[in-house]
Structures are given as structure tokens and as C-alpha cells.
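Each chain, letter by letter, is given below.
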Amino acid sequence: MSSPSDRVLNAGVLGATGTVGQRFIVLLSQNPMFRIHSLGASERSSGKPYSSATKWKMSELMPTEARSVVVKACDPALFAGCDVIFSGLDASVAGDIEKAFFEANFAVFSNAKNYRMTPNVPLCVPVVNTDHYALIAGQRAEMGLTKGFIVTNSNCSTSGLVVPLKALQDKFGPLKRVVVTTLQAISGAGYPGVASLDILDNIVPLISGEEPKIEEEVLKILGGINADASACAPLSDLRVSATCNRVPVVDGHTECANVEFAGPPPTIDEIKQCLREYTCEAQTLGCYSAPAQVIHVTEEEDRPQPRLDRNAGEGMSVTVGRIRPCPVFHVKFTLLVHNTVLGAAGASILNAEYAAKKGLI
């Protein structure tokens, strides 16, 4: 007998014509848990078939099931029949629209930054901190809702960084300091993104607003929730410093991390074993998008590399290499995350799969 979590869910996508929305559509078309039901975008796109309304930028062909769907305005009244809403909206418009869908009793999974740091909203990397879903009951009670809630996924670079940090924290205890330098792909800037004359033959040592996002989000994700499950309890003793750069790579964020433990440090071999053995609840539940191996540890001295490693675990795994002692902190390593999959749309979809398995949708 099938369980409620096995039913196919009708999915609505907000911001469907943008690059994050397009990635949602590609991934949803490949996922047996979801059916593309409604697509929303700006007023200038509404009323048009999706194939006419969007400038397709994915390397995969536009899914057949999306081509003829008529694009709607992002109005909750037009999304009746949807079980779940995925938001790829730009932060400039996401706040009010996502709130309207939440208040209309929809389950909203957002890629935007607007509600990430709201105390009672889970900021969830689905292979890291699904325990934060305990906040949903409080969200619903506060608003008098039966089905609606908001879950956000993190900044694209944060999503890769917190995976090995979570594994290390769980196994070896609290972390004291983390310094990370990111080399971020141009797809993270959306379309049209970074001007070609700015990025070709160049590195741009600034991504506006990115560094404080990482520094704040890591503390919330790796923290817990308070006693009555009404708010997150971010870590107070961990210090995180981030430096972010845009590099001429299409997909895949590379990050160089230095980590200091609060207690005696483990050996390098113990760290490698810990990362290899890390598992998450989404795997245990059998979620479709959960990777078989959350963290791929590579022993090649020149890996990970974006072109070679970004699709590990269908883009849902993090690859970690160059794990070695640090003369300033305790350990340093390089990691790679696919910024539009685990770092964006893929995380939201796995978040929704998890919620369905837990009976929240």
C-alpha cells in the first residue's frame, strides 16, 4: 500500500522564466514525486505559453510538459490545485509574493534571501539540518494555518560549506573559527549576469552582500532551535569570515576553507573518514533527490575541479579534497558544490521531498 508521501504532488514555480526557475523546471520534470502544474512570472510574461515567455538558458532541452503551460501572474488565487510552491523569484519581489502564498495556506519553498534569517523560518540545507522543520508547527499556529509554511534554502556558497562543517561538528564537537574564500561561478549571478568584459580573462573580487550572508547563515544552519521550537538558536561561539570572488566558470562554486576546532583536533585521517561516513535523514527516508554519498572525498591532489566534479551525486553531493593540516588553524581543504542544484533549486526540491515524507505536505 502506498503512503501519502508517495503521491505525486502538483508543483507551482514562481519566477519560472528566470535561471533559477528554469533549473526548477528541469529538475521537477525528472522527479517522479512532482508534476509541473502552474508556472508564474511577471505580468509581461503572463498569458503566454511558457515556450514563448522564456529565454531558455539551460543546457538541457526545455521539458515537453512545460512548453505549453500558460504562464500566470504570481497570485495565490491563480495557483489553486498546487500542493507545493517553489520560488525562484528575485529578492526584489520575493518578499511580498512569498508571504501572500504562505498566508493563502501554501507550502512555500524559497530560494530567495528574504526570509532566511527570520527566526521561525527554517533555513534548511536538506542534507544538513532538517531538524529545523520543527519550527513549522509554530509558523502555522501563529498564522492560524493548516497547511501553509515557508522553508528557505541557503545562499549557494553557504550550502556547500555547511555540509563538511556539519559532519565535523557532529563527530568532533564545536568548531571555533572558519575562514573561507569562494571562487563562484557566473551562473550564480543569474541572467544576463556578469558582463563579459568584466569576467573574461578576469576575476572579480567582490560579490555584493555575499560575504555577510555566508557569515550569518552558517551560524543559523549549524545551530539549533529553542526549547519551545518557536525560533532558531544560532551558534554564538563560532566565528566565520568569508571572502567571495566571481570567476569565469559557468557552474560550480569552489571554496577554500580553513577550520579550527574548539577542542583537540582530530587527525587528517579521522577527518577524511568522518566526511566519507557522513549521512543525513533525507537518505534514511529514501528521498528521491538525496545523494547516495553526501560528501565525496577525493584523494587526487588537484581535485575538486568545477568541470570534473560539479555533477557528483547529480549535483546534490559536495566534493572535498586537498584535506591537509593548516599551520594557522587545524585543517584546510577545498570543496566544490553545484551552485544551481544543491546550492539552489535542487535543495528546495529535496526540502519538499523531505517535508512530504514527514507528512507536512
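Our structure is the block above this text.
Please read all numbers here as calculations on a predicted model, not as lab measurements.

(A) Geometry of the pairing of strand E14 (residues 331-337). For E14, a buried count of six out of seven residues is recorded, marking the element as mostly surrounded by other parts of the structure. Alignment of strand E11 (residues 253-261) against E14, held across seven bridges, turns out to be antiparallel. Looking across to E14, one finds that Glu255 is bridged to Leu335. In this structure, the hairpin formed by strand E13 (residues 318-325) and E14 is closed by a connection of five residues.

(B) Spotlight on the sheet that holds E13. With mixed pairing, six strands are arranged side by side in an open sheet as E10-E7-E11-E14-E13-E12. Edge strands, defined here as strands with exactly one partner in the open sheet, are strand E10 (239-246) and strand E12 (295-297). Each strand axis lies, on average, 20 degrees off the axis of its neighbour in the sheet, ignoring direction. In this sheet, E14 lies alongside E13 in antiparallel orientation, the contact comprising five bridges. Looking at the pairing, Pro325 lines up with Val331 of E14. Running over the sheet, helix H6 (residues 156-172) touches strand E7 (175-184), E11, E12, E13 and E14 and is turned about 30 degrees from E11. Docked against the sheet, helix H9 (residues 268-277) engages E11, E12, E13 and E14, running at close to 170 degrees with respect to E13.

(C) Local environment of the nonpolar core. Counting residues in hydrophobic clusters, the biggest one holds 83 residues, and the most contacted among them are Phe34, Phe86 and Phe109. Element by element, the count of residues in this core is highest for helix H12 (residues 341-357), at nine residues. Beyond its immediate stretch of four places on either side in the chain, Phe109 contacts Val84, Ile85, Phe86, Ser87, Tyr133, Phe149, Val151, Ser348, Asn351, Ala352, Ala355 and Ile361.

(D) Looking closely at the side chain of Asn245. Mapped onto the fold, Asn245 is located in strand E10. Among the polar contacts made by the side chain of Asn245, one reaches the main-chain carbonyl oxygen of Thr182 at a distance of 3.0 Å. Apart from the residues within four sequence positions on either side, Asn245 is in contact with Thr181, Thr182, Leu183, Gln184, Ile203, Val204, Pro205 and Ile207.

(E) Main features of the packing of H6 against helix H8 (residues 210-222). Running from N to C, H6 and H8 point in directions that differ by 35 degrees, and their axes come no closer than 10 Å. For H6 against H8, the interelement crossing comes out right-handed. In this structure, H6 contributes Cys156, Ser157, Thr158, Leu161, Val162, Leu165, Lys166 and Gln169 to the contact, and H8 contributes Glu210, Lys213, Ile214, Glu217, Val218, Ile221 and Leu222. For the contact of H6 with H8, a count of residues per class yields eight nonpolar, three polar and four charged.

(F) Spatial organisation of the pairing of strand E2 (residues 34-41). For E2, the buried fraction is high: six of the eight residues fall into the buried class. Sheet topology note: the strand E1 (residues 9-14)/E2 ladder contains six bridges and is parallel. Considered in E2, the bridge of Leu14 is made with Gly40. This β-α-β element, E1 to helix H1 (residues 19-29) to E2, shows right-handed connectivity. Pairing geometry for E2 and strand E3 (residues 72-73), over two bridges, is parallel. Bridge assignment links Gly40 to a residue of E3, and that residue is Lys72.

(G) Quick look at the pattern of salt bridges. Using the criterion set out here, one finds 11 salt bridges in the structure. When the shortest N-O distance is used, the salt bridge between Lys358 and Glu281 registers 3.1 Å. Linking Lys358 in the segment after H12 with Glu281 in helix H10 (residues 281-284), this pair joins segments that are 77 residues apart in sequence. On the basis of relative accessibility, which here comes to 41%, the residue Lys358 falls in the partly exposed class. With its nearest N and O atoms 2.8 Å apart, the salt bridge here joins Arg303 to Asp309.

(H) Structural view of the packing of H6 against H9. In the contact formed by H6 and H9, the axes pass within 9 Å of each other and the chain directions differ by 110 degrees. The orientation of H6 relative to H9 falls into the category roughly perpendicular. As H6 packs across H9, the resulting crossing turns out to be right-handed. Contact with H6, carried on its side by Pro164, Ala167, Leu168, Lys171 and Phe172, involves Glu270, Ile271, Cys274 and Leu275 of H9 and no other residues of that element.

(I) Broad picture of the environment of Cys156. Mapped onto the fold, Cys156 is located in helix H6. Along the primary structure Cys156 and Gln184 are separated by 28 residues, whereas in three dimensions their C-alpha atoms are 9.1 Å apart. Excluding its chain neighbours within four sequence positions, the residues that come into contact with Cys156 are Gln184, Glu210, His253, Val337, Asn339 and Gly343.

(J) Examining helix H5 (residues 136-143) more closely. Those residues of H5 that sit buried are Ile136, Gln139 and Arg140. On an axial view of H5, the arc spanned by its buried residues comes to 95 degrees, and they lie on one face. With respect to the buried face of H5, the exposed residues turned more than 90 degrees away are Ala137, Ala141 and Glu142. On its buried side, H5 packs onto helix H4 (91-103) and strand E6 (149-152). Within two residues after H5, Gly144 carries a phi angle of roughly 65 degrees, on the positive side.

About the thresholds
Residues numbered from 1 in each chain as written. Predicted model: local features only at pLDDT ≥ 70, side-chain atom pairs only at ≥ 80, totals over all residues. Heavy atoms only, no water. Buried < 20%, exposed > 50% of the residue type's maximum accessible area, 1.4 Å probe, protein only. Helix = DSSP H or I, 4+ residues; strand = E, 2+ residues; numbered from the N terminus. Pairing = 2+ DSSP bridges. Axes fitted to C-alpha atoms, helices over the stretch in contact; angles between N-to-C directions. Contact = heavy atoms within 4.5 Å. Core = buried A, V, L, I, M, F, W, Y, C linked by side-chain atoms within 4.5 Å. Polar contact = N/O pair within 3.5 Å; in protein donor to acceptor, adjacent residues only side chain to side chain. Left-handed = near helix turned anticlockwise from the far one by under 90°. Nonpolar A, V, L, I, M, F, W, Y, C, P; charged D, E, K, R; others polar. Right-handed = clockwise from strand over helix to strand, strands pointing away. Salt bridge = Lys/Arg side-chain N within 4 Å of Asp/Glu carboxyl O. Parallel < 35°, antiparallel > 145°, perpendicular 65-115°, else oblique. Arc of directions from axis to C-beta.

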